[in-house]
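# Observations on the three-dimensional arrangement
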Amino acid sequence: MFRTGADSVSARLRQRLHEAIAAAGGWLPFDRFMAIALYEPGLGYYTRNARQFGALPSSGSDFITAPELSPLFGAALARQLAQALDATGTDELFEFGAGSGALAAQLLDALGARVRRYAIVDLSGTLRARQAERLARFGDRVCWLDAWPARIEGVVVGNEVLDAMPVQLLHFDGTGWQERGVASTGDGFAWQDRPTALRPPHAGPFEPGTVTEIHPQAEAFVRTLAARLARGAAFFVDYGFPEAEYYHPQRSGGTLMCHRGHQADADPLADAGEKDITAHVNFSAVALAGQDAGLQVLGYTSQAHFLLNCGIAELLQDASLAERAAAQKLLAEHEMGELFKVIGFVAGEPFDALGFVHGDRSHRL
Ligand SMILES: C[S@@+](CC[C@H](N)C(=O)[O-])C[C@H]1O[C@@H](n2cnc3c(N)ncnc32)[C@H](O)[C@@H]1O
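None of these values were measured; they are calculated from a predicted model.

## Structural notes on the environment of I21
Mapped onto the elements, I21 comes out in helix α1 (residues 6-23). Residue classification places I21 among the buried positions, given a relative accessible area of 2%. Residues I21 and S184, 163 residues apart in the sequence, show an inter-C-alpha distance of 7.0 Å. If we skip the residues at most four places from it in the chain, I21 touches G26, W27, L28, V182, A183, S184 and F189.

This is the structure we're talking about:
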């Protein structure tokens, strides 16, 4: 019941990966492998006709995200976005990586006429079709952009989009750093390391055998955003840590992870295209990329703090028992409350952003 024709799509994707490895001289940096596995048109995990997001494996889904878990996520986030629209004098929202369109629906429901236009940018054409179906009731207030707009005036939002951007892998063998890439082995794939001048952005120390990630694409994304955001603010929600925690000696295995059928595994080379591949976000690097390119950090805190600051407790009062149980997962420390963080940026005059009023941790970045 999983996916019609998934086997042949996966076989074509594997073929495409082998071709890319051959074209690159027998060794593909991992970020290129991840980009193809996730986003190769029609074949990648996000670009094939699959159902990634959902609450239970029985739905054929692989993982759940905050807006899929509870509409109160969007309702609370909407309060922050409303304040940001007012503070920056704008009336347009931009969502990057809109998934099934769940968050867009929640935000448009909560913000009503305050949003003149809701623009979605997503790498996946199949997801765009799902979003269009789900958001049809909002008419032509919702639009899709094929590329970055040259100039953005408005408020930008992205939930779990930074973690879906390809990462480079680095391996410390005890004396030096190697870049970890992928080679073909007949039908399959294997890791292969090469000497590199690349380094983690943190001095360490690192245990021999450490494999970790660097995030040039996520940082470039934030720099592009900074260059285009002429007036407005941006909020990103994702799992991750500040740099010192990210590159802590005890995290010697890095954070690369795959998700399928609500199970996690650490082998992105197996079953490429059939599972999600993600890495945690280095929020220090994200903050720095934004600042270096002219944005100011409005705040950085845990998802639990952010949603409570935005008044989710008040919204919960009117919720049913089932809705409350789901929303609690957004807040609980051992679920999404602490691992997930929110970072906010502003282009222009900073304001006291609602979501960071208590528990701002910008100083830890
Ligand atoms: C893990 S899903 C999250 C979806 C949704 N935001 C949610 O919370 O359910 C990642 C999404 O980001 C999109 N994506 C990844 N990189 C992107 C980029 N550079 N620009 C726009 N969308 C991107 C993917 O196509 C996918 O829709």
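## Quick look at the packing of helix α4 (residues 71-88) against helix α5 (residues 102-111)
At a minimum axis distance of 8 Å, the contact between α4 and α5 shows a crossing angle of 55°. When the axes of α4 and α5 are compared, the pair comes out oblique. At the point where α4 passes α5, the crossing takes the right-handed sense. Contacts between α4 and α5 involve P71, F73, G74, A75, L77, A78, L81 and A82 on the former and, on the latter, L103, Q106, L107, A110 and L111. For the contact of α4 with α5, the class distribution of residues is 11 nonpolar, 2 polar and no charged.

## Description of the site of the ligand
Taken together, 18 residues lie around the ligand, and Y39, T65, G97, D122 and N159 are the ones closest in. A distance of 2.7 Å is found between a nitrogen atom of the ligand and a backbone nitrogen or oxygen belonging to G97. Between the ligand and N159 there is a distance of 2.7 Å, counted from an oxygen atom to a side-chain nitrogen or oxygen. Summarising the interface, the protein chains cover 95% of the accessible area of the ligand, which totals 590 Å² for the free molecule. In terms of residue class, the shell around the ligand is built from 11 nonpolar, 5 polar and 2 charged.

Rules of the game
Residues numbered from 1 in each chain as written. Predicted model: local features only at pLDDT ≥ 70, side-chain atom pairs only at ≥ 80, totals over all residues. Heavy atoms only, no water. Helix = DSSP H or I, 4+ residues; strand = E, 2+ residues; numbered from the N terminus. Buried < 20%, exposed > 50% of the residue type's maximum accessible area, 1.4 Å probe, protein only. Contact = heavy atoms within 4.5 Å. Axes fitted to C-alpha atoms, helices over the stretch in contact; angles between N-to-C directions. Parallel < 35°, antiparallel > 145°, perpendicular 65-115°, else oblique. Left-handed = near helix turned anticlockwise from the far one by under 90°. Nonpolar A, V, L, I, M, F, W, Y, C, P; charged D, E, K, R; others polar. Near = heavy atom within 4 Å. Polar contact = N/O pair within 3.5 Å; in protein donor to acceptor, adjacent residues only side chain to side chain. Areas by Shrake-Rupley, 256 points an atom, 1.4 Å probe, with all protein chains shown as cover.

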